[in-house]
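Remarks on the overall topology
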Amino acid sequence: MKIQLFVAIILSTFSFLACDKESQVQKQDTLDGTVIKYGTAFGMCLGPCKKEITLVNDEAAFTVYQNGGRGTNGGDPVTYTEKLTTDYITSVLNNVDFERFKKLEETLGCPDCADGGSEWIEITKNDTKHKVTFEFGQDVPEVAALLELLREKRVYFEGKYVKE
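This structure is a prediction, so every number in the text was calculated from the model and none was measured. (Residues numbered from 1 in each chain as written. Predicted model: local features only at pLDDT ≥ 70, side-chain atom pairs only at ≥ 80, totals over all residues. Heavy atoms only, no water.)

**Thoughts on the state of the cysteines**
Enumeration over the complete set of coordinates arrives at two disulfides. The disulfide partner of Cys-45 is Cys-49, and the gap between their sulfur atoms is 2.0 Å. Measuring handedness by torsion sign, the sulfur bridge of Cys-45 and Cys-49 sits at about -90 degrees and is left-handed. Across a sulfur-sulfur distance of 1.4 Å, Cys-110 and Cys-113 are joined as a disulfide pair. When the S-S torsion is -55 degrees, as for the bridge of Cys-110 with Cys-113, the disulfide is left-handed. Assessed through its relative accessible area of 35%, Cys-113 is described here as partly exposed. (Disulfide = S-S within 2.5 Å. Buried < 20%, exposed > 50% of the residue type's maximum accessible area, 1.4 Å probe, protein only.)

So, in structure tokens, the structure goes:
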């Protein structure tokens, strides 16, 4: 009887440990409650002038907004979604320093002046949101690695879905 009890205790301990490891893996495969938005826009433009990527959980949503000219919309926005790889999620999480990001001014430089275009990053974490808008193509040293990952993802989506 004692041996059966001992075996039962050991088996239940292993099952609890297995559950704990599984929950840790699942957290690494998602953005764990952090929502990251990144986009580009050009004010004086015809066609797909505004593009936005939203990273949430384990998915990326790429939305393309059309401009028909003189401030008019050229149709409903179109959204494409794809699953994110574990490696991409890990890279993003390793390059998000939310406390440092929150210290950045909301506007850097002169975004979309003389139709030079603008880019922005918006991060929401624990019900706190901060958005930084800057000139298209400008380097932002405080988020350089994250910005590189987001720009690469934008170029990927543009090549796959945007036909200008």
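On we go from here.
**Thoughts on the pattern of salt bridges**
Evaluated as defined, the whole model comprises seven salt bridges. The closest approach of N and O atoms between Glu-158 and Lys-51, which form a salt bridge, is 3.1 Å. Taken together, the positions of Glu-158 in helix 4 (residues 144–161) and Lys-51 in strand 2 (residues 47–56) put the pair 107 residues apart, joining distant regions of the chain. In this structure, the salt-bridge partner of Arg-154 is Glu-119, at a minimum N-O distance of 3.8 Å. Of the two residues, Arg-154 sits in helix 4 while Glu-119 sits in strand 7 (residues 118–125), which places them 35 residues apart along the sequence. Classification of Arg-154 by relative accessible area gives buried; the value is 10%. Within this structure, Lys-51, Glu-119, Arg-151, Arg-154 and Glu-158 form a network of salt bridges that share partners. (Salt bridge = Lys/Arg side-chain N within 4 Å of Asp/Glu carboxyl O. Helix = DSSP H or I, 4+ residues; strand = E, 2+ residues; numbered from the N terminus.)

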